[in-house]
Amino acid sequence: MATKWNVTDLPGRTAVITGANSGLGLATAQALAGAGAHVVFAVRDLERGGAAAARTGGSTEVRRLDLADLASVREFADAWDERPLDLLINNAGVMMLPELRTKDGFEMQFGTNHLGHFALTNLLLPYVTDRVVTVSSGLHRSGDGVIGFADVNLRGRYSPTRAYAQSKLANLLFTLELQRRLTEAGSPVRSLAAHPGYAATNLQSHHANPVARAFLGIGNRLLAQSDRAGALPTLYAATQDLPGAAYVGPDGLGEMRGAPALAGRSAAASDPEAARRLWTLSEELTGVDWGLSKVSRP
């Protein structure tokens, strides 16, 4: 893929970006708004989101969304005014936190990174016209390397890395099963995933272990690429003609940095049976069904 690729012209397109007020989300929002898209900042803190949108310029709006609260997710979707939504970018996430629970009692990383986005996507899917891009991580290979179906909340087995890895693996399995369902429904919408490589963002500062926080801070300064560079795989997945279920990441050594390219994923992240099983479980946990089950598309 061309290393000189960039986003230049997206007039009239509407994009919802979760977590658009900082880091990769803000870099993604700035690039899309700069190319002429209308960008909806879906954020927990309206004040911070408004400040970020003001710095972005272009056509933007700010709406409240807390992915760790399914009631908030439903409120966001219910407030959508039925206009076409070209791009849904599931970007927001939490990383390697102490053991916490969402408003609905789920392990925070799985609940926010996967279940919140699962619910949001299915609730908005009737309005999506082009694609859904979900941000995962190369760390989906870490932890146990599989979804802990016996207890996705990891009670008695919690570690910050295990929980984060499970949530990022869930993102890839969600992308896979979403594409299967879209294809089966005859929908033109595509489901894709991306990961930023090693990008310097504020996520690393939230690690539960203070020693790990210190090392990550040094890595951010010395090794990581910028948040703008880290956003390029997401932007590539959001704008280029790629097949459904494609996964994009940096093309450099270890997929840590570089230009956008198709990325590798673990065997567990390519398992269709695990993807179906996770989908069924996610419907049960969130109470949100397949988004096109009651929608007829031409």
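Computed from a predicted structure; not experimentally measured. (Residues numbered from 1 in each chain as written. Predicted model: local features only at pLDDT ≥ 70, side-chain atom pairs only at ≥ 80, totals over all residues. Heavy atoms only, no water.)

Undergrad: Account for the overall build of the chain, with residues named and values stated.
TA: A tally of helices and strands in the chain yields 8 helices and 8 strands. Going through the 298 residues of the chain one by one, you find that 56% of them count as buried. Considering only intrachain contacts with a sequence separation of at least 6, the fraction spanning at least 24 residues in the chain is 71%. Total accessible area on the chain stands at roughly 12300 Å², and carbon and sulfur atoms take up 52% of it. (Helix = DSSP H or I, 4+ residues; strand = E, 2+ residues; numbered from the N terminus. Buried < 20%, exposed > 50% of the residue type's maximum accessible area, 1.4 Å probe, protein only. Contact = heavy atoms within 4.5 Å. Areas by Shrake-Rupley, 256 points an atom, 1.4 Å probe, with all protein chains shown as cover.)

Undergrad: So what's going on with the packing of aromatic side chains? Residues and values would help.
TA: Under the counting rule described, the total for this entry stands at 4 aromatic pairs. Arranged with centres 5.7 Å apart and planes meeting at 15°, the rings of F174 and W279 form a pair that is stacked. Separated by 105 residues along the polypeptide, F174 in helix α5 (residues 160-184) and W279 in helix α8 (residues 272-286) bring together distant segments of the chain. Summarising the burial analysis for this pair, F174 and W279 share the class buried. Through a chain of ring-to-ring contacts, the aromatic side chains of F118, F174, W279 and W290 assemble into a single cluster. Over the aromatic face of W80 sits the side chain of R83, whose NZ or CZ is 4.7 Å from the ring centroid. (Phe/Tyr/Trp six-rings, centres within 6.5 Å; stacked < 30°, edge-to-face > 60°. Lys NZ or Arg CZ within 6 Å of the ring centre and 35° of its normal.)

Undergrad: So what about the pattern of salt bridges? Which residues, and what values?
TA: Following the criterion strictly, the structure yields 15 salt bridges and no others. The residue R83 makes a salt bridge to D81 at a minimum N-O spacing of 3.0 Å. Taking relative accessible area as the criterion, R83 reaches 22% and is therefore assigned partly exposed. Via salt bridges that share partners, R13, D130, R131, R190 and D241 belong to a single interconnected network. (Salt bridge = Lys/Arg side-chain N within 4 Å of Asp/Glu carboxyl O.)

Undergrad: Could you give me a rundown of the confidence of the model for the chain, with the residues and numbers involved?
TA: On average, residues of the chain score 90 in pLDDT, and 89% of them are at 70 or above. Ignoring residues within four places in sequence, the model shows residues 211-222, a span with pLDDT below 50, making 16 contacts including any to other chains. (pLDDT = per-residue confidence, 0-100.)

Undergrad: Describe unusual backbone geometry, listing the residues and the values that go with them.
TA: Not every positive phi belongs to a glycine, and E82 is a case in point at roughly 65°. By the secondary structure assignment, E82 is in the loop between α3 (70-78) and β4 (85-90). On the basis of relative accessibility, which here comes to 60%, the residue E82 falls in the exposed class. Phi at L154 is positive, roughly 60°, even though this residue is not glycine. For L154, the position within the fold is in the loop between β5 (128-135) and α5. Overall, L154 belongs to the buried group, its relative accessible area being 1%.

Undergrad: Explain the pairing of strand β6 (residues 190-194) to me, using residue names and the numbers behind them.
TA: Within β6, 4 of the 5 residues are buried, which leaves it mostly tucked inside the rest of the structure. Of the pairings in the sheet, the one linking β5 to β6 comprises 5 bridges and is parallel in character. Paired with V133 across the bridge in β6 is L192. In this fold, the crossover linking β5 to β6 by way of α5 has right-handed handedness. Looking at chain direction, β6 and strand β7 (residues 247-250) are connected through 2 bridges and run parallel. Bridge pairing in β7 places A194 opposite V248. (Pairing = 2+ DSSP bridges. Right-handed = clockwise from strand over helix to strand, strands pointing away.)

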